[in-house]
Amino acid sequence: KAGVTQTPRYLIKTRGQQVTLSCSPISGHRSVSWYQQTPGQGLQFLFEYFSETQRNKGNFPGRFSGRQFSNSRSEMNVSTLELGDSALYLCASSFIGQYNTEAFFGQGTRLTVV
Amino acid sequence: KNEVEQSPQNLTAQEGEFITINCSYSVGISALHWLQQHPGGGIVSLFMLSSGKKKHGRLIATINIQEKHSSLHITASHPRDSAVYICAVTRASGGGADGLTFGKGTHLIIQP
């Protein structure tokens, strides 16, 4: 069974640009969650999608958005990039959701904003 | 104060030693997760607990719901166990961002 796949693995963008990251969950998993990891703040929850609907959202500005497609693949978008958006972005998939079900993480996309 | 606190932040030990990493949390939870992150970023889920104790190979995780505390133990530690170990909780339903809430991680180095 293939694991969680995130693309691209590395990305360099300029301040003010926008970026789209992709996450393909494990086959059969319907929940995809996104997290941001920075040296200063550690891992922080961005949002969770389940069956194409955003179910939960963390405390991030509206520049961070996402969506989920009917095949459960998810994308997250960051508009008007700021230097502070440089981070490792991780997605995790689970069968039902984060509630008492194991989360399987991808390798992450490392975004550098210059 | 962080809702999930881990200790120690850094731990260096010799191969073969028994390792304990602690996690305390201050919110109601439905589950606690222990995760492992190697250099390069990928995260592996080691355990998900809602009560009691779980064992997988040389790894043991325990949780005390009343005391809001969990421990991760590594027996017969090996250099390949060197990684960052992260405690995370799934909040009990009732509001807020219900994704995982993470501790800052414990950076473990096992020296040969």
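On a predicted model such as this, the values are computed, not experimentally measured, just so you know.

So, how was this worked out
Residues numbered from 1 in each chain as written. Chains lettered and ligands numbered in written order. Predicted model: local features only at pLDDT ≥ 70, side-chain atom pairs only at ≥ 80, totals over all residues. Heavy atoms only, no water. Helix = DSSP H or I, 4+ residues; strand = E, 2+ residues; numbered from the N terminus. Rg over C-alpha atoms; globule rule 2.2 N^0.38 Å. Buried < 20%, exposed > 50% of the residue type's maximum accessible area, 1.4 Å probe, protein only. Lys, Arg positive; Asp, Glu negative; His and termini not counted. Charge placed at Lys NZ, Arg CZ, Asp CG, Glu CD. Contact = heavy atoms within 4.5 Å. Salt bridge = Lys/Arg side-chain N within 4 Å of Asp/Glu carboxyl O. Polar contact = N/O pair within 3.5 Å; in protein donor to acceptor, adjacent residues only side chain to side chain. Pairing = 2+ DSSP bridges. Axes fitted to C-alpha atoms, helices over the stretch in contact; angles between N-to-C directions.

Draft legend 1. Structural view of the overall build of chain A. Assigned secondary structure in chain A consists of 0 helices and 11 strands. Counted from the first residue to the last, chain A has its helices and strands arranged as β-β-β-β-β-β-β-β-β-β-β. For 114 residues, the compact-globule formula gives about 13 Å, and the C-alpha radius of gyration of chain A, at 13 Å, lands near that figure. Each principal axis of the C-alpha distribution contributes one length, and for chain A these read about 35 × 25 × 25 Å. Per-residue burial for chain A yields a buried fraction of 51% across its 114 residues. For chain A, the distance from the average position of its 11 positive side-chain charges to the average position of its 6 negative side-chain charges is 4 Å.

Draft legend 2. Focus on the interface of chain A and chain B. Across the boundary between the two partners, chain A contributes 23 residues, which contact 20 residues of chain B. Applying the counting criterion to the chain A and chain B interface returns 0 salt bridges. At the boundary of chain A and chain B, one finds 3 residue pairs in polar contact (both at pLDDT 80 or more). Secondary structure elements with two or more residues in the side of chain A that touches chain B: strand E4 (31-38), strand E5 (42-50), strand E6 (53-57) and strand E9 (87-94) of chain A. Looking at the side of chain A that touches chain B element by element, the count peaks at 4 residues for E5(A).

Draft legend 3. Geometry of the sheet that holds strand E3 (residues 19-25) of chain B. Residue and element names in this part refer to chain B. The strand order across the open sheet built from 5 strands is E1-E3-E8-E7-E6, with neighbouring strands paired in antiparallel fashion. Two strands in the sheet have a free side with no partner beyond their single neighbour: strand E1 (4-7) and strand E6 (52-56). Mean inter-strand twist for the sheet, computed between neighbouring axes without regard to direction, equals 15°. In terms of strand pairing, strand E7 (residues 59-64) meets strand E8 (residues 69-74) through 6 bridges, oriented antiparallel. Bridge pairing in E8 places Ile60 opposite His73.

Draft legend 4. Region of the structure containing the side chain of Gln6(B). Residues and elements named next belong to chain B. Topologically, Gln6 is positioned in strand E1. Within polar-contact distance, the side chain of Gln6 engages the backbone nitrogen of Cys87 at 2.9 Å. Side chain to side chain, Gln6 and Thr106 meet in a polar contact 3.2 Å long. Filtering out sequence-adjacent residues up to four positions away, Gln6 remains in contact with Ile21, Asn22, Cys23, Trp34, Tyr85, Ile86, Cys87, Gly103, Lys104, Gly105 and Thr106.

Draft legend 5. Layout of the environment of Ile29(B). Among the secondary structure elements, Ile29(B) is positioned in strand E4 (residues 29-37). Beyond its immediate chain neighbours, meaning those up to four positions away, Ile29(B) contacts Ile63(B), Val89(B), Thr90(B), Arg91(B) and Ala92(B).

Draft legend 6. Local environment of the pattern of salt bridges. Residues and elements named next belong to chain A. A full pass over the atoms with the stated rule returns 7 salt bridges over all chains. The partner of Glu82 in a salt bridge is Arg63, with the nearest N and O atoms 3.6 Å apart. Of the two residues, Glu82 sits in the loop between strand E8 (74-78) and E9 while Arg63 sits in the loop between E6 and strand E7 (64-68), which places them 19 residues apart along the sequence. According to the relative accessible area criterion, Arg63 is buried, its value standing at 16%.

Draft legend 7. Here's a closer look at the sheet that holds strand E3 (residues 19-24) of chain A. All names here are of chain A. Pairing is antiparallel across the open sheet formed by 4 strands, whose spatial order is E1-E3-E8-E7. Only two strands of the sheet have a single neighbouring strand rather than two, namely strand E1 (5-7) and E7. Across the sheet, the mean angle separating the axes of adjacent strands is 20° when strand polarity is ignored. Bridge count for E3 against E8 is 5 bridges, and the pairing is antiparallel. Within E8, the residue paired with Val19 across the bridge is Val78.

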